[in-house]
Amino acid sequence: MSVMLVTGGAGFIGSNFIRSWIAETGQAIVNLDKLTYAGNLENLQGLRNDPRHNFVKGDIADRELVGKLLSRYQPDAIVHFAAESHVDRSILGPEDFITTNIIGTFRMLEATRAYWESLATDKKGKFRFLHVSTDEVYGSLEAEDEPFTESTPYAPNSPYAASKAASDHLVRSYYSTYGLPTITTNCSNNYGPYQFPEKLIPLVIVNAIKGKSLPIYGDGLNVRDWLYVADHCSAIRTVLARGRVGETYNIGGDSEKNNLEVVHTVCAVLDELHPDSPVIPHAKLIKFVKDRSGHDRRYAIDASKVKRDLGWVPQQSFADGIRETVKWYLDHLDWVAQVQSGEYRKWIDINYGGRQLI
Ligand code: NAD
Ligand code: TYD
């Protein structure tokens, strides 16, 4: 029976991935997660009594623990999601990003190398270490620039992006130096169910439902490429099944939007689905606030390699994906209340407290 080790599986993308992996393949998963503010076992409630989901609370930087898990469960693959993932948090406090994203990934690679070298030839050949990364490692584009390809030079601008770039380089070096069968995916901005409500889309949905203001950094014209999380999960399954070791694959939704368009779309869907809101139209809640420092102007992904070589295509349009997402949050206000604990309120005070309106 195949087993996979997933790191960071209690977070947004990891929990969506685990649910879809078990539903699609029936195979077992060992989920190593430290349960930081972003990790929540409520995200995996449907798997609570499912023997195919084995949760282990622990740190990816704990080399000994990772080594023990690998020798005990003998996984055929590792999908490495665990990371500190929020740019604003990395600006206010970069240390955890260095510790988890760089040192943690390094320790994962060291433990994996020792395990992989001990495997029999057949299992060794099939083993994969899939590193989940971001398009932010490529830096910022101007309006007229071509989208990022796999050969775009790295130019990270935030401590988050720099720490992910460092981890990508480490992963690459373990393939080149030791032959460890690694693959890296660089994906654009995800949205969908179970995203912690401090990233743009869930923050705006949750604030709008409550009639609170919708903070837009700067002029609101920064552009991101948006991908529905289920499509990212299907891309990861595709890359695991058919990706070539040592390669990197860009994953994106062909869906570039500026932040104002995104927020207006969310507001329009809420006007329709939540007419009892304290404020209608919800767009009245939009407030322009002081910009993020080093705010990347535009990200755009050229995903033609994964489409052409591996046959992956995103299924969900932005309009449908946003609708599904807004519906999900409206139906899961208990989940929202649960994750908006003391820790969440502390963050909102720190990030927005000193951000005067502009
Ligand atoms: P998230 O912040 O929602 O979840 C991260 C998870 O990792 C949490 O469950 C947390 O508890 C866990 N974790 C953090 N530090 C850990 C440690 N030291 N040891 C073990 N577990 C730890 O993040 P996400 O949005 O689900 O992103 C997952 C991965 O995908 C990250 O590597 C991120 O860089 C990448 N990514 C995210 C996006 C996006 O739009 N969210 C886009 C592209 C790539
Ligand atoms: P975010 O969800 O933090 O993702 P990332 O910075 O990794 O792309 O932000 C998406 C965009 O939305 C980004 O341009 C910053 C902007 N933004 C706001 O305008 N207001 C907010 O309150 C937040 C959290 C983000």
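Nothing here was measured: the structure is a model prediction, and the numbers come from that model. Along each chain, residues carry numbers from 1 onward, in the same order as the chain's sequence is written. For this description, chains carry letters from A and ligands carry numbers from 1, given in the order in which they are written. Confidence filtering applies because this is a predicted model: local features only for residues at pLDDT of at least 70, side-chain atom pairs given and counted only at 80 or more, and all residues used for totals across whole chains, interfaces and linings. To obtain the side-chain values, all non-hydrogen atoms of the structure were included, while hydrogens and water were left out.

Asks: Pulling in residues and values, what's your account of the site of ligand 1?
Replies: One heavy atom within 4 Å of a molecule or strand makes the whole residue count as near it. In the region of ligand 1, 28 residues are neighbours, and I13, D33, S85, Y160 and K164 sit closest. Within the contact set of ligand 1, an oxygen atom lies 3.5 Å away from a backbone nitrogen or oxygen of V132. Helix and strand assignments come from DSSP, with helices taken as H or I runs of at least 4 residues and strands as E runs of at least 2, each series counted from the N terminus. Ranked by the residues each element gives to the shell around ligand 1, the list is headed by strand 5 (residues 128–134), at three residues. Whenever a nitrogen or oxygen atom comes within 3.5 Å of another N or O atom, the pair is scored as a polar contact, on the condition that within protein one atom can donate a hydrogen and the other can accept it, and that pairs from neighbouring residues in sequence are kept only if both atoms are in side chains.

Asks: An account of the side chain of S167 is requested, with residue identities and associated values reported.
Replies: Structurally, S167 is set in helix 6 (residues 159–178). Within the structure, the side chain of S167 is placed 2.7 Å from the backbone oxygen of K164, a separation counted as a polar contact. Throughout, a residue-residue contact means that at least one pair of heavy atoms, one from each residue, lies within 4.5 Å. Aside from chain neighbours lying at most four places away, what touches S167 is N101, T105 and H131.

Asks: I'd like to hear about the packing of aromatic side chains, residue by residue, with values.
Replies: By convention, a stacked pair of Phe, Tyr or Trp rings (six-membered ring in the case of Trp) has centres within 6.5 Å and planes under 30 degrees apart, an edge-to-face pair has planes over 60 apart, and any other such pair is tilted. According to the stated counting rule, one finds 17 aromatic pairs in the structure shown. On the numbers, 6.4 Å between centres and 45° between planes, the contact of F148 with Y299 is tilted. Of this pair, F148 sits in the loop between strand 5 and helix 6 while Y299 sits in the loop between strand 12 (286–289) and helix 10 (304–310), placing them 151 residues apart in sequence. Note on accessibility: F148 and Y299 belong to one class, buried. Ring centres of Y329 and W335 lie 6.0 Å apart, and the angle between their planes is 75°; on these two criteria the pair is classed as edge-to-face. Like W335, Y329 is buried. Ring-pair connections join several aromatic residues into one group, and the members of that group are Y138, F148, Y154 and Y299. Three labels apply to residues, based on accessible area from a 1.4 Å probe with only protein chains included: buried if under 20% of the type maximum, exposed if over 50%, partly exposed otherwise in between.

Asks: Any details on the site of ligand 2? Residues and values, ideally.
Replies: Looking at ligand 2, there are 19 residues lining it, with E136, R224, R292, H295 and Y352 nearest. With respect to ligand 2, the backbone of Y217 contributes an N or O atom lying 2.9 Å from an oxygen atom. At 2.5 Å, a side-chain N or O of R292 approaches an oxygen atom of ligand 2. Under the convention used here, a 1.4 Å probe and the Shrake-Rupley method define accessible areas, while residue burial counts only the protein chains that appear. For ligand 2, whose free accessible area comes to 520 Å², the fraction covered by protein is 97%. For the shell around ligand 2, the secondary-structure elements that each account for two or more residues are helix 3 (87–92), helix 7 (200–209) and strand 8 (214–217). With three residues, strand 8 is the single largest residue contributor to the shell around ligand 2. Residue type decides the class: Asp, Glu, Lys and Arg count as charged, Ala, Val, Leu, Ile, Met, Phe, Trp, Tyr, Cys and Pro as nonpolar, and the leftover types, Gly among them, as polar. A breakdown of the residues in the shell around ligand 2 according to their chemical character gives eight nonpolar, five polar and six charged.

Asks: Lay out the sheet that holds strand 9 (residues 223–228) with the relevant residues and their values.
Replies: For two strands to be treated as a pair, DSSP must find at least two bridges joining them. Spatial ordering of the open sheet is given by 7-9-11, a layout of three strands whose pairing is mixed. In this open sheet, the two edge strands, each paired with only one partner strand, are strand 7 (189–191) and strand 11 (256–258). The mean inter-strand angle of the sheet, taken between neighbouring strand axes irrespective of direction, is 50°. Relative to strand 11, strand 9 runs antiparallel, the two being bridged by three bridges. Directly across from V223, in strand 11, lies its bridge partner N258. Simply put, an axis is a line fit to the C-alpha atoms, just over the touching stretch for a helix, and the angle between two N-to-C directions goes from 0 to 180 degrees. Along the sheet, helix 9 (residues 259–273) makes contact with strand 9 and strand 11, crossing strand 11 at roughly 85°.

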